[in-house]
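# Reading the structure
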Amino acid sequence: MVAGIRQILDCEMGCLALANDRGDRISKKVLGDGPDWLFQANQKLEGDIVEECLRSAQPIRVDNPSARPDLRAFLEQSLNVASRSFLCAPLLAGEQPLGVVEMINKRGGPFTPYDQ
């Protein structure tokens with residue numbers, strides 16, 4: 001799923017973040033151009049953009065990730081990638097948020113409302 005969305009939107013990386021049963025931790029995996037995951041982590045939700053998307057159950061599009069220190073730190077420190085654009089959308093089962101799909105750095109410009 002992540003590879004397909006990444007390819008359709010033509011972005012550098014895609015990420016899948018799944019919440020645990022209590023909703024206080026996520027399991028996060030990042031996929032680049034290759035077939036293998038670039039980054040995998042199990043982390044506590046700590047008020048970052050993923051938690052914001054998960055709690056609000058609404059997509060978030062960021063054209064300038066440098067304006068979001070939490071996002072910039074994750075992209076630059078964890079993935080060693082310069083941040084240009086970011087899009088995330090909640091994964092829902094009915095009204096229940098299960099996780100978030102993130103797309104990082106669309107090639108050819110920022111993400112559009114249509115992408116969202």
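If you're wondering where the values come from, they're calculated on a predicted model, not measured in any experiment.

### Concerning the pairing of strand E5 (residues 86–93)
- Relative to E5, strand E4 (residues 60–62) is paired through 3 bridges, and the arrangement is antiparallel. Counted as the bridge partner of Val62 is Phe86 from E5.
- Across 8 bridges, E5 lies against strand E6 (residues 96–106) in antiparallel orientation. Residue pairing in the sheet places Ala89 in a bridge with Val101 of E6.
- The turn joining E5 and E6, which pair antiparallel and follow one another in sequence, is formed by 2 residues; a positive phi near 70° is taken by Gly94.

### A word on the sheet that holds E4
- Read across the open sheet, the 6 strands follow the order E3-E2-E1-E6-E5-E4; overall the sheet is antiparallel. Of all the strands in the sheet, just strand E3 (37–44) and E4 have a single pairing partner and so form its edges. Geometrically, the sheet is characterised by an average inter-axis angle of 15° between neighbouring strands, direction not taken into account.
- Each of strand E1 (11–19), strand E2 (25–31), E3, E5 and E6 is contacted by helix H1 (residues 2–9), which is oriented at about 145° to E1, the strand it contacts most.

### Focus: the environment of Arg25
- In this structure, Arg25 sits in strand E2.
- In this structure Arg25 comes out as partly exposed when scored by relative accessible area, which is 29%.
- A C-alpha to C-alpha distance of 7.0 Å links Arg25 and Asn42, two positions 17 residues apart in sequence.
- Residues in contact with Arg25, not counting those within four places in the same chain, are Leu18, Ala19, Asn20, Asn42, Gln43, Lys44 and Leu45.
- Separated by 3.3 Å, the side chain of Arg25 and the backbone oxygen of Asn42 make a polar contact.

### Looking at the nonpolar core
- Core analysis: the largest hydrophobic core is formed by 20 residues, its most contacted members being Ile49, Val50, Phe86 and Val100.
- The set of elements that each furnish at least two residues to this core consists of E1, E2, helix H2 (49–56), E4, helix H3 (69–78), E5 and E6.
- The element contributing the most residues to this core is H2, with 4 residues.
- Excluding its chain neighbours within four sequence positions, the residues that come into contact with Phe86 are Ile49, Ile60, Arg61, Val62, Pro65, Leu71, Glu102, Met103, Ile104 and Phe111.
- In terms of nonpolar packing, the next biggest core, distinct from the first, is built from 9 residues, Val2, Leu31, Leu87 and Phe111 among them.

### Observations regarding the pattern of salt bridges
- By the definition in use, this model includes 8 salt bridges.
- The residue Asp33 makes a salt bridge to Arg6 at a minimum N-O spacing of 3.0 Å. One end of the pair, Asp33, is in the loop between E2 and E3; the other, Arg6, is in helix H1, and 27 residues separate them in sequence.
- As a salt-bridge pair, Glu102 and Lys28 come within 3.4 Å of each other at their nearest N and O atoms. Remark: Lys28 occurs in strand E2 and Glu102 occurs in strand E6; sequence separation between them is 74 residues.
- A relative accessible area of 2% places Lys28 in the buried class.
- Shared partners join several salt bridges into a network, and the residues in it are Arg6, Asp10, Asp33 and Arg107.

What counts and what doesn't
Sequence order sets the numbering: in each chain, residues are counted from 1 along the sequence as written. Restriction of local features to residues with pLDDT of at least 70 applies here, the model being predicted, together with a cutoff of 80 or more for giving and counting side-chain atom pairs; totals for whole chains, interfaces and linings are based on all residues. The side-chain values count all of the structure's non-hydrogen atoms but skip hydrogen atoms and water molecules. Only strands that DSSP links by at least two bridges are regarded as paired with each other. Secondary structure elements follow DSSP: runs of H or I no shorter than four residues count as helices, runs of E no shorter than two count as strands, and numbering proceeds from the N terminus. Geometry is summarised by axes, namely lines fitted to C-alpha atoms with helices restricted to the contacting stretch, and by angles between N-to-C directions that run from 0 to 180 degrees. Note on definitions: a residue-residue contact is assigned when non-hydrogen atoms from the two residues lie within 4.5 Å. Categorising residues by exposure relies on relative accessible area from a 1.4 Å probe, with only protein chains included: less than 20% of the type maximum marks a residue as buried, more than 50% marks it as exposed, and the intermediate range marks it as partly exposed. By the criterion applied in these results, polar contacts are pairs of N or O atoms within 3.5 Å in which, for protein atoms, one can donate a hydrogen and the other can accept it, and in which residues neighboring in sequence qualify only through two side-chain atoms. We define the nonpolar core as a collection of buried residues of types Ala, Val, Leu, Ile, Met, Phe, Trp, Tyr and Cys that are connected through side-chain atoms lying within 4.5 Å of one another. Any carboxyl oxygen of Asp or Glu within 4 Å of a side-chain nitrogen of Lys or Arg constitutes a salt bridge here.

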